[in-house]
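# Tertiary structure, described
Take a look at the letters that make up each chain.
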Amino acid sequence: MGKKGLIPIAFLLLLLFPFFLPRFYVYLSSLILIHGLLATSLNFVLGFGGMYQFHHCVFYGVGGYTTALLLTKTSLSPFLAFLAAPFASAILSILMGVICVRLSKLYFGMLQISLGSLVWAIVYRWYSFTGGDDGIHGIPIPHLLASTNSAYYFTLVITALSMFAMYRMLVSPFGKTLQGIRDNPVRCEMIGVNVKLHQLLALIIAGFFAGVAGMLFVIVDTTVFPEMLFWTLSLEVLIMCLVGGWFTFFGPLLGAAILIILRTIISTYTVYWALVLGVIMTLIIFFLPNGILGYIEEKLKRG
Amino acid sequence: MLEVKGVSKSFDGFMAVSRANLTVNKGEMVAVIGPNGAGKTTLFNLISGILKPDSGRIIYKGEDITFLSPYEIFRKGICRSFQIVNVFQRLTVFENVQLSVLSREKKTWNLLMPAKKFYVDETERILEQVGLKEKRDTVAGFLSHGEQKILEIAIALGGKPEFVILDEPTAGMSPEETVMCMELIKKLRHEMDLTILFCEHDMDVVFGYADRIMVMVRGETVIEGTCDEVRCDTLVQEAYLGVSDE
Ligand SMILES: Nc1ncnc2c1ncn2[C@@H]1O[C@H](COP(=O)(O)OP(=O)(O)OP(=O)(O)O)[C@@H](O)[C@H]1O
Ligand SMILES: [Mg+2]
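Residues numbered from 1 in each chain as written. Chains lettered and ligands numbered in written order. Predicted model: local features only at pLDDT ≥ 70, side-chain atom pairs only at ≥ 80, totals over all residues. Heavy atoms only, no water.

Let us now look at the packing of aromatic side chains. Tallying each qualifying case throughout the model produces 21 aromatic pairs over all chains. Here the aromatic rings of A:F249 and A:F250 are separated by 5.0 Å at their centres, their planes lie at 85 degrees, and the arrangement is edge-to-face. By relative accessible area, which is 33% here, A:F250 ends up partly exposed. Counting every residue linked through ring pairs, the aromatic cluster contains A:F17, A:F20, A:Y152 and A:Y153. Above the plane of the ring of B:F82 lies B:R80, whose end atom (NZ or CZ) is 4.2 Å from the centre. Its guanidinium or amino end placed over the ring of B:F94, B:R136 lies 4.0 Å from that ring's centre, counting from NZ or CZ. (Phe/Tyr/Trp six-rings, centres within 6.5 Å; stacked < 30°, edge-to-face > 60°. Buried < 20%, exposed > 50% of the residue type's maximum accessible area, 1.4 Å probe, protein only. Lys NZ or Arg CZ within 6 Å of the ring centre and 35° of its normal.)

Right, let's talk about the coordination of the magnesium ion (ligand 2) for a bit. All names here are of chain B. At this site the magnesium ion (ligand 2) is bound by T41 (OG1) and Q83 (OE1), with donor distances of 1.8 to 2.1 Å. Taken together, the residues span a long stretch of sequence, with T41 in helix α1 (residues 40-47) and Q83 in the loop between β6 (78-81) and α3 (93-104) at a distance of 42 residues. By relative accessible area, T41 is classed as partly exposed at 27%. (Donors = N, O, S within 2.8 Å, 3.2 Å for Na, K, Ca; no water. Helix = DSSP H or I, 4+ residues; strand = E, 2+ residues; numbered from the N terminus.)

Residue and element names in this part refer to chain B. Read from one edge to the other, the open sheet built from four strands follows the order β2-β1-β4-β5, with strand pairing classed as antiparallel. The sheet terminates laterally at β2 (14-24) and β5 (63-64), the two strands that pair on one side only. Across two bridges, the pairing between strand β4 (residues 55-60) and β5 is antiparallel. Residue pairing in the sheet places Y60 in a bridge with E63 of β5. Taken strand by strand, α1 contacts β1 (2-11), β2 and β4, and its axis lies near 115 degrees from that of β1. (Pairing = 2+ DSSP bridges. Contact = heavy atoms within 4.5 Å. Axes fitted to C-alpha atoms, helices over the stretch in contact; angles between N-to-C directions.)

Turning our eyes to something else, we now look at a positive patch on the surface. A cluster of basic residues, A:K4, A:R168, B:K116 and B:K117, forms a positive patch at the surface. Relative to the helices and strands, B:K116 is located in the loop between α3 and α4 (120-130). (Patch = residues over 30% accessible without salt bridge, like charges linked within 9 Å, V, L, I, M, F, W, Y side chains within 5 Å. Areas by Shrake-Rupley, 256 points an atom, 1.4 Å probe, with all protein chains shown as cover. Salt bridge = Lys/Arg side-chain N within 4 Å of Asp/Glu carboxyl O. Lys, Arg positive; Asp, Glu negative; His and termini not counted. Charge placed at Lys NZ, Arg CZ, Asp CG, Glu CD.)

Before going further, it helps to examine the sheet that holds β6(B). All names here are of chain B. Strands sit in the order β6-β7-β8-β3-β9-β10 across an open sheet of six strands; the sheet is mixed. Because the sheet does not close on itself, it has two edges, and the strands there are β6 and β10 (220-226). Strand-to-strand twist in this sheet, taken as the mean axis angle between neighbours without regard to direction, amounts to 15 degrees. Both strand β9 (residues 212-217) and β10 contribute to a ladder of six bridges, which runs antiparallel. Note on β10: the bridge partner recorded for V215 is I223.

Turning our attention to the interface of chain A and chain B. Counting residues at the interface gives 27 residues for chain A, matched by 34 residues for chain B. Of the roughly 2700 Å² buried between chain A and chain B on both sides combined, carbon and sulfur atoms contribute 64%. Looking at the side of chain A facing chain B, the largest losses of area belong to A:R187, A:M190 and A:I191, adding up to 28% of the total buried there. Taken together, the connections running from chain A to chain B amount to two salt bridges. A salt bridge links A:R187 to B:E152; the nearest nitrogen and oxygen atoms lie 2.4 Å apart. (Buried area = accessible area lost by both parts, 1.4 Å probe.)

Here the focus is the side chain of A:S172. Following the sequence through the fold, A:S172 ends up in the loop between α7 (148-170) and α8 (173-183). Judged by relative accessible area, which is 0%, A:S172 ranks as buried. Beyond its immediate chain neighbours, meaning those up to four positions away, A:S172 contacts B:N110, B:L111, B:L112, B:M113, B:P114 and B:A115.

Before going further, it helps to spend a moment on the side chain of A:E236. Examined against the element boundaries, A:E236 turns out to sit in helix α11 (residues 231-244). Apart from the residues within four sequence positions on either side, A:E236 is in contact with A:L259, A:R263, A:W273 and A:L277.

Residues and elements named next belong to chain B. The immediate surroundings of ligand 1 are formed by 13 residues, with N36, G37, K40, T41 and T42 found nearest. In the environment of ligand 1, an oxygen atom lies 2.9 Å from a nitrogen or oxygen atom belonging to the backbone of G39. Measuring from an oxygen atom of ligand 1, one finds a side-chain N or O atom of K40 at 2.8 Å. Those elements that provide at least two residues to the shell around ligand 1 are β2 and α1. Ranked by residue count, the leading element in the shell around ligand 1 is α1, at three residues. (Near = heavy atom within 4 Å. Polar contact = N/O pair within 3.5 Å; in protein donor to acceptor, adjacent residues only side chain to side chain.)

As structure tokens, then:
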């Protein structure tokens with residue numbers, strides 16, 4: 001049985017989680033899926049596009065806030081509130097992308113952090129609209145999705161569909177072109193590829209799926225808060241990609257699982273989570289520069 | 001087919017190419033020679049649109065292409081390889097060449113279909129022609145240097161070129177590899193009806209394969225002529241062949 005056979009098995013196992021896991025762990029599994037989706041969407045442009053999108057969770061936060069605000073401040077159907085999140089994130093991606101994509105590599109990353117922090121500052125300061133540093137709590141979720149288990153199933157299905165969509169895009173001609181741009185933008189230009197436009201579309205797709213993750217968080221947690229788009233979360237998501245393996249498709253999901261499980265365990269013993277995170281990061285960079293899944297894939301290929 | 005007329009390019013006041021002239025006729029194989037830093041690569045960059053000249057004109061098939069962008073020039077059928085290996089390191093050999101074909105056919109925006117179904121026959125035919133068929137699924141970064149230089153040429157062929165520019169195709173190759181590579185280029189030239197412009201330091205290779213030669217020294221065209229004309233020219237012997245140890 002090939003590697004592909006593992007995916008349906010894993011999915012079936014995940015479907016069974018609520019039957020034998022306590023509620024808290026089901027909730028934790030939802031968080032892992034959401035962060036896995038977020039990290040995978042970052043990796044779409046990071047590992048596969050070679051773009052240093054350092055402040056990716058801005059699009060996650062904006063997605064979450066879009067859903068939250070529409071649910072609390074309007075009488076719009078919840079379905080539309082969910083649907084609006086990825087599109088709001090995608091629109092923000094267009095705006096930021098058009099500005100940032102002119103620069104390359106680290107300069108791209110620095111500008112992207114600056115603009116992202118600006119968005120965070122707006123959310124943080126605009127008390128009357130966003131609730132400022134308190135965020136918004138007790139967001140009314142439709143009855144159907146309100147329980148921990150139903151929120152989990154919804155998250156599982158949407159995450160799986162989103163991951164499938166991203167996978168298909170990465171193996172499409174566009175995805176291959178994106179990887180070509182990552183490897184060698186100059187050569188890509190030479191063989192007739194409009195590099196900047198392809199990068200922009202990739203950024204929009206990545207932002208879109210980060211928005212999906214943000215929307216899912218609202219359903220699972222019924223809150224939003226400004227930390228959702230603070231740069232430390234972006235850093236954590238970046239580390240998820242690196243730990244899991246940023247040149248593999250499922251690496252970021254694995255990284256998300258590892259980091260969230262570790263954080264849950266460790267924070268019961270110590271408050272120095274950031275320190276632990278730093279140590280993990282250092283170890284990975286030194287010993288597994290391609291991440292855990294990258295290392296495993298290499299081993300399998302070499303036989 | 002290609003005419004370079006009095007083209008100059010300076011970098012911060014340094015004339016890398018100055019009033020260079022060059023004519024390449026259809027079906028010819030023309031070599032540009034000159035010592036290190038003579039401006040050969042710069043000239044190729046000017047023709048392929050990576051750089052824009054300060055003055056002069058570049059005419060291709062009667063059309064002025066002086067200020068076209070690299071991808072417009074690529075679409076006109078002028079494809080090139082690079083002196084320093086310039087492939088897609090993490091893509092497989094197949095994907096490297098396929099990408100070039102996809103781009104030529106303007107299919108790079110397709111998001112919905114798996115790429116592995118696109119232009120399989122054409123890509124495999126190119127790989128077969130250059131002898132990389134066995135390495136089809138090898139990641140380009142794992143190829144030997146010589147194989148990467150060949151892949152470099154294969155990517156250029158993906159653009160279905162009529163005119164191919166090869167910047168030191170055999171740079172860094174062993175003598176045996178060099179012969180193999182030049183024989184390959186000769187074979188491709190006839191099979192695909194190519195016009196070729198290349199540069200090369202090895203004089204045996206140049207005199208053995210080129211129809212005509214253009215000698216460049218300090219950015220200027222010293223002489224342009226057949227192999228015999230160039231060999232006999234005293235200016236060249238003094239300025240280049242005698243002095244340079246290449
Ligand atoms: N982008 C650049 N900026 C400044 N100077 C440059 C640039 N590109 C080339 N030069 C200079 O222009 C001169 C010609 O360089 P070029 O690379 O064209 O030489 P070449 O004939 O290809 O040499 P080689 O045989 O070593 O490949 C060199 O002196 C080089 O330093
Ligand atoms: Mg050169």
